[in-house]
Amino acid sequence: MDYINKAENLSQYLLTIINDILDLSRIEAGKLELEHKPFDLRDVAQKLDNMFRSTVEAKGVEFIIDMGQFENYCVIGDETRLCQVLINFMSNAQKFTSKGTISVTFSQMLYEKGKLDFMVKVHDTGIGIKAEFLDKIFLPFEQESTNITHKYGGSGLGMAITDKIVRIMGGTIVIDSLQGKGSDFTVFLSLPEADPEQAKKIPAKSGVQVSTEKFTYSGKRILLAEDNDINAEIVVDILTEEGAQVDVAKDGEEAVDKFSKSIEGYYDFILMDVQMPKLNGREAAMKIRQLDRSDAEQVCIFALSADAFVEDKRLSVEMGMDGHFPKPVDLNAMKKEIGMIINSKKGKNI
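Criteria and thresholds
- Residues numbered from 1 in each chain as written.
- Predicted model: local features only at pLDDT ≥ 70, side-chain atom pairs only at ≥ 80, totals over all residues.
- Heavy atoms only, no water.
- Helix = DSSP H or I, 4+ residues; strand = E, 2+ residues; numbered from the N terminus.
- Rg over C-alpha atoms; globule rule 2.2 N^0.38 Å.
- Buried < 20%, exposed > 50% of the residue type's maximum accessible area, 1.4 Å probe, protein only.
- Contact = heavy atoms within 4.5 Å.
- Salt bridge = Lys/Arg side-chain N within 4 Å of Asp/Glu carboxyl O.
- Expected span 1.5 Å × (residues − 1).
- Disulfide = S-S within 2.5 Å.
- Pairing = 2+ DSSP bridges.
- Axes fitted to C-alpha atoms, helices over the stretch in contact; angles between N-to-C directions.
- Phe/Tyr/Trp six-rings, centres within 6.5 Å; stacked < 30°, edge-to-face > 60°.
- Lys NZ or Arg CZ within 6 Å of the ring centre and 35° of its normal.

K.L.:
What am I meant to see in the overall build of the protein chain here?
P.N.:
Scanning the protein chain for helices and strands turns up eleven helices and twelve strands. Expected size for 350 residues packed as a compact globule is a radius of gyration near 20 Å; at 22 Å, the protein chain falls within 12% of this value. Each principal axis of the C-alpha distribution contributes one length, and for the protein chain these read about 65 × 55 × 40 Å. When burial is assessed residue by residue, the protein chain has 43% of its 350 residues classed as buried.

K.L.:
Just checking my understanding: could you explain the side chain of Ser 103 for this structure?
P.N.:
Summarising the element assignment, Ser 103 is placed in strand β4 (residues 101-112). The contact partners of Ser 103, leaving out residues within four places of it in the chain, are Ile 64, Lys 121, Val 122 and His 123.

K.L.:
Looking at this structure, I do not really get the pattern of salt bridges. What am I missing?
P.N.:
A side chain of one charge can pair with a side chain of the opposite charge when the charged atoms of the two come close. According to the stated counting rule, one finds 22 salt bridges in the structure shown. The salt bridge partner of Arg 293 is Asp 295, with a shortest N-O separation of 2.7 Å. One continuous salt-bridge network, built from bridges that share partners, spans Glu 35, Lys 37, Asp 78 and Arg 314.

K.L.:
Hey, could you run me through helix α1 (residues 2-28) in this one?
P.N.:
Since one α-helical turn is 3.6 residues long, residues separated by three or four positions face the same way. Here α1 contains 27 residues, and its C-alpha end-to-end distance of 39 Å stays within 8% of the 39 Å for a straight helix at 1.5 Å per residue. The complete set of buried residues in α1 reads Leu 15, Ile 17, Asp 20, Asp 23, Leu 24 and Ile 27. At its buried positions, α1 is contacted by α3 (79-96) and α5 (158-168). Positive backbone phi, at 75 degrees, marks Gly 30, one or two positions downstream of α1.

K.L.:
Which parts of the structure should I look at to understand the state of the cysteines?
P.N.:
Any covalent bond linking the sulfur atoms of two cysteines counts as a disulfide. Here the structure, examined in full by the defined rule, presents zero disulfides. Looking at Cys 74, it has no disulfide partner, and the nearest cysteine sulfur is the one in Cys 83, 14 Å off. The class for Cys 74 is buried, based on a relative accessible area of 10%. The class for Cys 83 is buried, based on a relative accessible area of 8%.

K.L.:
Hey, could you run me through the sheet that holds strand β10 (residues 269-273) in this one?
P.N.:
Strand pairing in a sheet takes place through backbone hydrogen bonds and is either antiparallel or parallel in direction. The strand order β9-β8-β10-β11-β12 describes an open sheet built from five strands, whose pairing is parallel. Unpaired on one side and paired on the other, β9 (245-249) and β12 (323-326) mark the two borders of the sheet. Neighbour-to-neighbour, the strand axes of the sheet open up by a mean angle of 20 degrees, direction not taken into account. Of the strand pairs in this sheet, strand β8 (residues 221-225) and β10 are connected by four bridges, and their pairing is parallel. By the bridge assignment for β10, Leu 223 is matched with Ile 270. Relative to the sheet, helix α9 (residues 281-289) contacts β10, β11 (300-305) and β12, its axis offset from that of β10 by approximately 150 degrees.

K.L.:
I keep staring at the sheet that holds strand β2 (residues 62-67) and nothing clicks. Help me out?
P.N.:
If you walk across this open sheet you meet the five strands as β2-β4-β5-β7-β6, and the pairing is mixed. Every other strand in the sheet has two partners, leaving β2 and β6 (172-178) as the edge strands with one partner each. Across the sheet, the mean angle separating the axes of adjacent strands is 15 degrees when strand polarity is ignored. Pairing geometry for strand β5 (residues 115-124) and strand β7 (residues 182-192), over ten bridges, is antiparallel.

K.L.:
Help me out: how do you make sense of the packing of aromatic side chains in this one?
P.N.:
What characterises a pair of aromatic rings is the spacing of the ring centres plus the angle enclosed by the ring planes. Counted under the stated rule, the structure contains nine aromatic pairs. An angle of 20 degrees between the planes, with centres 6.4 Å apart, marks the rings of Phe 259 and Tyr 267 as stacked. On the basis of relative accessible area, Phe 259 is assigned to the buried category, the value being 1%. Lying across the ring of Tyr 266, Arg 221 places its NZ or CZ 4.5 Å from the centre. Over the aromatic face of Phe 259 sits the side chain of Arg 293, whose NZ or CZ is 4.5 Å from the ring centroid.

Here it is in structure tokens:
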């Protein structure tokens, strides 16, 4: 078990590096597509709170989110990419701070009708950065020292990716750091404000209390669409070991056929590989959603794909799927997210 755990940890580290390299390559090739949709900056703050508060406070570090006064909290832009930038800042702050405070401050800088200039600053009281390294911090694969790498890990790609994303968004990153005292990472952005009609398009928070009961696969009936025999065998073994009943489809057409021939409400959810012959996973999901039966719109469909970019996840959701899990799949994370989504849907139907 010790060797297996070590192998798993190292493989996860390698996967992170590969994903970062692919993300950086895609950005440098001009393939990054920004969304232009209305979103609420207060929702961004809430996501950061949900992601980091428990782990930061578990270290004995105080965590503060300060949302300043804005003329309009609703702007138009790419919420996912802004979150990616701030998550990178927060991850570094959490990694390098063992005592004191980590804070996130949202501040309005300038408001003109139709446009909002604002900043978001992540402050920490961590180990800080050497002055001579600040000029290199946005270069790919640059680390402050081998000691930092050995102690804290990392590939040296996170800040390079973050800087490029912010530049594409038309913004700027400013870093102020003092070794031994802490760091401030601030992103400055100028985005169009969302008018009242556009703000109405922001998905409302349902207010549904999601069940805290531990989700289990036991007793669940699952349709798995996967054309790779080895991948299918592994997933089936894991799910059946936890008490699930799994039907396997070899391609998208067979998945649609199996679902359409099942009795209504038979399947609890569908796991759909994206790249399959005859009919790919996203097209199969659309066909299932269009079926004339009551459960066609309600059944949860989750994409399984080697495509791990933000744009790929968006496309899966746009094509009618409830989630997107990149391969190799983190089975524990997948189980947790599937449970949250299924419980949330049950809550909405009450």
